[in-house]
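# Structural description and commentary
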Amino acid sequence: MSSQRVQLDIQDHHVVMDNGILQVTLSKPDGIVTRIQYNGIDNLLEVLSEEVERGYWDLVWSEAGSVGTTGTFDVIKGTKFEVIVESDEQVEVSFTRKWNPSQKGKLVPLNIDKRFIMLRNSSGFYSYAIYDHLKEWPPFNLPQTRIVFKLRKEKFQYMAIADNRQRYMPLPDDRLQERSKVLDVPEAVLLVNPIEPEFKGEMFLSAHYSGEDLVLKLKPDEPWKKVFGPVFIYLNSLTSNANEDPSPLWEDAKHQMMTEVQKWPYDFPASSEFPPSDQRGNVSGRIQVRDRYVSEDCIPGKGAYVGLAPPGDAGSFQRDCKGYQFWTRADEHGYYSIKNIREGQYNLYAWVPGFIGDYRYDAAINITAGCVIDVGELVYEPPRDGPTLWEIGIPDRSAAEFYVPDPNPNYINKLYVNHPDRFRQYGLWERYADLYPDQDLIYTIGTSDYAKDWFFAQVTRKKDDDTYEGTTWQIKFQLDNVNQSGTFKLQISLATANIAELQIRINDPKADPPLFTTGVIGKDNTILRHGIHGLYWLYSIDIPATLLVEGNNTLFLTQPISNSPLAAFHGLMYDYIRLEGPPSSTSTRGVKPANMAPNTPLD
């Protein structure tokens with residue numbers, strides 16, 4: 001590896017960062033990455049594209065009050081170039097774009113500072129951006145922002161996402177009309193005449209996963225500032241024949257990733273907006289679960305997800321995208337440690353696999369530079385009214401344990417055949433109508449198996465005239481004793497919902513109104529985007545014993561919405577369903593921190 005010092009070459013219209021291993025060229029003052037030279041290759045970026053389309057930060061924004069995830073697309077171009085750091089060890093350059101009221105309606109009301117960093121002896125470079133919105137500026141929505149690199153198609157044809165998700169990919173030209181057929185959404189095409197015949201009959205996808213609930217929406221008179229990144233763009237290569245096994249590149253990249261994780265938070269970014277480790281704080285503690293219908297003793301929160309996020313209600317971290325969040329997982333005994341937290345005020349949140357609901361520690365936690373806070377032992381009491389009579393699924397916020405069908409043979413992606421992520425095959429929503437053409441799913445407690453008999457998503461049914469209809473699933477169960485003065489509890493947690501409504505009826509499929517309805521919920525893209533979970537929903541529903549009978553009972557789950565152009569994707573995925581009997585004695589539920597009074601700030 002070269003030990004050459006880092007050099008900065010400032011030209012009339014470009015800037016070149018060079019450390020002897022790679023050279024990165026950026027347009028000046030735009031800050032667009034136009035060339036990456038490495039390992040004897042003149043440019044790794046797509047040379048057939050215009051310079052502005054090769055490597056860039058972009059965003060999508062819309063006026064306040066807009067609905068949806070679309071808006072004005074903006075490739076961010078700086079108007080001022082500045083050298084922040086220039087030494088033998090490091091170069092950091094800045095490309096800024098300032099906003100003023102004369103640009104209202106034309107540009108997103110943000111001051112944007114894009115930074116690029118190159119270090120000595122590093123086979124890569126870093127980039128981060130600082131977005132700043134002043135209080136007096138117009139409010140707006142920000143559905144998307146990202147950093148993009150478009151690579152040379154003749155050089156980059158193999159994609160690796162995970163150890164078990166790697167393959168050669170079709171070419172961008174395969175999306176052309178004469179080579180592909182558009183399917184249910186424009187992003188998805190079937191390859192009918194690809195350049196490489198081996199890809200015929202396969203999918204080529206490009207999409208965004210989260211829905212409108214995660215659109216950043218600034219209110220009037222709301223200041224906001226956030227640092228995105230730094231992200232590291234790492235380059236490696238093989239010295240042997242390029243046609244040989246590419247796995248060493250992947251293993252090397254994983255090793256480098258772990259190196260970067262150990263270095264985080266980086267100490268080299270020059271902006272004061274990215275604080276180093278000694279200006280951050282740390283929080284540790286232990287979380288346990290108290291569910292007296294499971295155990296008389298507290299249960300360690302094994303594998304609990306524990307995090308600090310902006311103050312809010314329990315579970316609010318799911319929809320927050322304005323602030324910073326810091327998460328970890330507890331060990332098998334429920335102990336956790338969260339390090340390098342930015343200064344500020346937070347709530348501590350958690351959820352524990354195997355238990356429903358969300359935990360929020362009531363005391364505010366104030367993080368200051370260098371603080372070390374031990375929260376102590378916290379006890380989460382998940383929603384629970386009575387003993388479990390029956391349950392379906394695993395409370396882990398995913399529908400992965402349910403039945404995922406084989407894909408339509410016309411749409412098979414070979415990568416996901418006999419794969420743990422088989423739910424990523426295209427068009428699985430259509431398989432419901434194939435499997436249940438005339439009547440809906442019926443599940444019988446005691447004889448059915450949710451891994452084989454519970455379809456992973458309650459979707460609409462496509463009819464012969466290409467319209468759709470809502471669906472009603474049934475759960476059949478028996479009760480030996482029904483105390484008519486008691487109240488049963490139905491706990492239903494959803495792994496995702498997309499423009500769906502869940503109506504609950506007991507023993508009468510036509511009861512009007514239903515016993516319970518969620519109303520229209522969810523704007524996740526999980527079904528369409530081949531996922532298995534989105535935002536989490538939990539409903540605790542009282543069932544008067546007068547609606548139940550001794551012997552056979554039926555629970556009806558109806559999703560009726562089916563009348564939009566995207567009706568195929570209206571639906572929901574269940575995470576877990578549990579019927580609880582009337583409580584044997586008075587019990588409480590909710591969140592109870594141990595060893596500390598609620599609403600006590602920690603600092």
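Residues numbered from 1 in each chain as written. Predicted model: local features only at pLDDT ≥ 70, side-chain atom pairs only at ≥ 80, totals over all residues. Heavy atoms only, no water.

### Looking at the pairing of strand S3 (residues 22-27)
Convention followed: We call a residue buried when its accessible area falls under 20% of the maximum for its residue type, exposed when it is over 50%, and partly exposed in between, using a 1.4 Å probe and counting protein chains only. Where helices and strands are cited, they refer to DSSP runs of H or I of at least four residues and of E of at least two residues respectively, numbered from the N terminus. Strands are treated as partners if at least two bridges between them are detected by DSSP.
Taken across its six residues, S3 has six buried, putting it largely inside the fold. Residues of S3 alternate between two faces, with Leu-22, Val-24 and Leu-26 on one and Gln-23, Thr-25 and Ser-27 on the opposite face, all of them buried. The pairing of strand S2 (residues 14-18) with S3 spans five bridges and is antiparallel. Residue pairing in the sheet places His-14 in a bridge with Ser-27 of S3. Connecting S2 to the next strand, S3, in antiparallel fashion are three residues, including Gly-20 with a positive phi near 85°. Here S3 pairs with strand S4 (residues 33-38) via five bridges, running antiparallel. Bridge assignment links Gln-23 to a residue of S4, and that residue is Gln-37. Following S3, the chain reverses through five residues before pairing antiparallel with S4; Gly-31 in that reversal takes a positive phi of roughly 80°.

### Description of the sheet that holds strand S25 (residues 359-367)
Stated formally: Axes, fitted as lines to C-alpha atoms, cover a helix only where it is in contact. Angles between the N-to-C directions of the axes lie from 0 to 180 degrees.
Spatial strand order, S22-S21-S24-S25: four strands in an open sheet with antiparallel pairing. One side of each edge strand has no neighbouring strand; the edge strands of this open sheet are strand S22 (326-329) and S25. Each strand axis lies, on average, 20° off the axis of its neighbour in the sheet, ignoring direction. Pairing of strand S21 (residues 305-309) with S22, which is carried by four bridges, proceeds in the antiparallel orientation. Within S22, the position partnered with Val-306 by the bridge is Thr-328.

### Details of the nonpolar core
Filter applied, for reference: For this analysis, a nonpolar core means a set of buried residues of the types Ala, Val, Leu, Ile, Met, Phe, Trp, Tyr and Cys, connected via side-chain atoms within 4.5 Å. In what follows, a contact means two residues having at least one pair of non-hydrogen atoms within 4.5 Å.
If you look at the biggest cluster of nonpolar residues, it comprises 60 residues, and the most contacted ones within it are Trp-454, Leu-490, Ile-492, Leu-557, Tyr-574 and Ile-577. Take this core: its biggest share by element is seven residues, from strand S33 (residues 487-500). Setting aside residues no more than four positions away along its own chain, Leu-490 makes contact with Trp-390, Ile-504, Tyr-539, Ser-540, Ile-541, Ile-543, Leu-555, Ile-577, Arg-578 and Leu-579.

### A look at helix H1 (residues 247-263)
Rule in force here: Multiplying one less than the number of residues by 1.5 Å gives the expected span of a helix. Summarising the geometry, the arc corresponds to the directions from the helix axis toward the C-beta atoms.
For H1, with 17 residues, the first-to-last C-alpha span of 25 Å sits near the 24 Å given by 1.5 Å per residue. Taken together, the buried positions of H1 are occupied by Trp-250, Gln-256 and Glu-260. Relative to the axis of H1, the buried residues are bounded by an arc of 125° and lie together on one face. Among the exposed residues of H1, those pointing more than 90 degrees away from its buried face are His-255 and Gln-262.

### Quick look at the UniProt feature "domain: Rhamnogalacturonan lyase" (unreviewed entry) in the chain
Rules: UniProt positions are given in the numbering used here, feature names are shortened, and annotations may be inferred rather than shown by experiment.
Here the UniProt-annotated "domain: Rhamnogalacturonan lyase" (unreviewed entry) positions come out as residues 301-374 and 388-579. Annotated as residues 301-374, this span is 0% helix and 49% strand, and its ends, taken at the C-alpha atoms, are 17 Å apart. Between the end C-alpha atoms of residues 388-579 the distance is 6 Å, and the span holds 5% helix and 38% strand.

### A word on the environment of Arg-54
Spelled out, the test is: Definition of a polar contact: a pair of N or O atoms within 3.5 Å, with one able to donate and the other able to accept a hydrogen when the atoms are protein atoms, and with sequence-neighbouring residues admitted only if both atoms are side-chain atoms.
If you trace the backbone, Arg-54 turns up in the loop between S4 and strand S5 (55-63). Overall, Arg-54 belongs to the buried group, its relative accessible area being 12%. As a C-alpha pair, Arg-54 and Ala-500 span 446 residues in sequence and 39 Å in three-dimensional space. Non-local contacts of Arg-54, meaning those with residues more than four positions away in its chain, are made with Val-33, Thr-34, Asn-43, Leu-45, Glu-46, Val-47, Ser-49, Val-148, Phe-149 and Lys-150. There is a polar contact of 3.3 Å between the side chain of Arg-54 and the backbone oxygen of Val-47.

### Comments concerning the environment of Arg-286
Along the chain, Arg-286 falls in strand S19 (residues 281-289). Classification of Arg-286 by relative accessible area gives buried; the value is 14%. Counting along the chain gives 88 residues from Arg-286 to Asp-374, while the straight-line C-alpha distance between them is 9.0 Å. In contact with Arg-286, other than residues within four places in its own chain, are Pro-300, His-333, Gly-334, Tyr-335, Tyr-336, Gly-376, Glu-377 and Leu-378.

### Some thoughts on the packing of aromatic side chains
Here is the rule: Two aromatic rings from Phe, Tyr or Trp, using only the six-membered ring of Trp, form a pair when their centres are within 6.5 Å; if the ring planes differ by under 30 degrees the pair is stacked, by over 60 it is edge-to-face, and anything between is tilted.
Inspection of every chain in the model, using the stated rule, returns 32 aromatic pairs. Centre to centre, the rings of Tyr-305 and Trp-351 are 4.6 Å apart; their planes meet at 10°, and the pair counts as stacked. Highlighted residues: Tyr-305 in strand S21 and Trp-351 in strand S24 (residues 344-351), separated in sequence by 46 residues. Assessed through its relative accessible area of 28%, Tyr-305 is described here as partly exposed. Given a relative accessible area of 12%, Trp-351 falls into the buried group. Each ring, one from Tyr-443 and one from Trp-454, has its centre 5.5 Å from the other, and the planes form 85°; the classification is edge-to-face. In this pair, Tyr-443 is assigned in strand S28 (residues 442-444) and Trp-454 in the loop between helix H3 (450-453) and strand S29 (458-459), connecting sequence segments eleven residues apart. A relative accessible area of 1% places Trp-454 in the buried class.

### Digging into the side chain of Asp-18
Here Asp-18 lies in strand S2. For Asp-18, the side chain forms a polar contact with the side chain of Gln-23, separated by 3.2 Å. Asp-18 has contacts with Gln-4, Arg-5, Val-6, Gln-7, Gln-23 and Met-118, leaving out every residue within four places of it along the chain.

### Some remarks on the domain arrangement of the chain
Rules: As used throughout, domain bounds are those supplied by an automatic or database domain assignment. Two parts placed together each lose some accessible area under a 1.4 Å probe, and adding up what both lose gives the buried area. When a carboxyl oxygen of Asp or Glu is within 4 Å of a side-chain nitrogen of Lys or Arg, the pair counts as a salt bridge. In this classification, the charged set is Asp, Glu, Lys and Arg, the nonpolar set is Ala, Val, Leu, Ile, Met, Phe, Trp, Tyr, Cys and Pro, and all remaining amino acids, among them Gly, are polar.
Its domain assignment divides the chain into domain 1 (7-161 + 217-263), domain 2 (277-380) and domain 3 (388-580). Taken over C-alpha atoms, the centre of domain 2 sits 31 Å from the centre of domain 3. Carbon and sulfur atoms supply 55% of the area buried between domain 2 and domain 3, which totals about 920 Å² over both sides. Taken as a group, Gln-318, Arg-319 and Ile-356 account for 58% of the area that domain 2 buries against domain 3, more than any other trio of residues on that side. The salt bridge involving Asp-358 is made with Arg-397; its shortest N-O contact spans 2.8 Å. Across the side of domain 2 that touches domain 3, the residue classes tally to five nonpolar, three polar and two charged.

### What to know about the pattern of salt bridges
Counted by the stated rule, this structure contains 32 salt bridges. Its salt-bridge partner being Glu-377, residue Arg-286 comes within 3.3 Å of it at the nearest N-O pair. Residue Arg-286 is found in strand S19, and its partner Glu-377 is found in strand S26 (residues 372-381); the two are separated by 91 residues along the sequence. Residue classification places Glu-377 among the partly exposed positions, given a relative accessible area of 31%.

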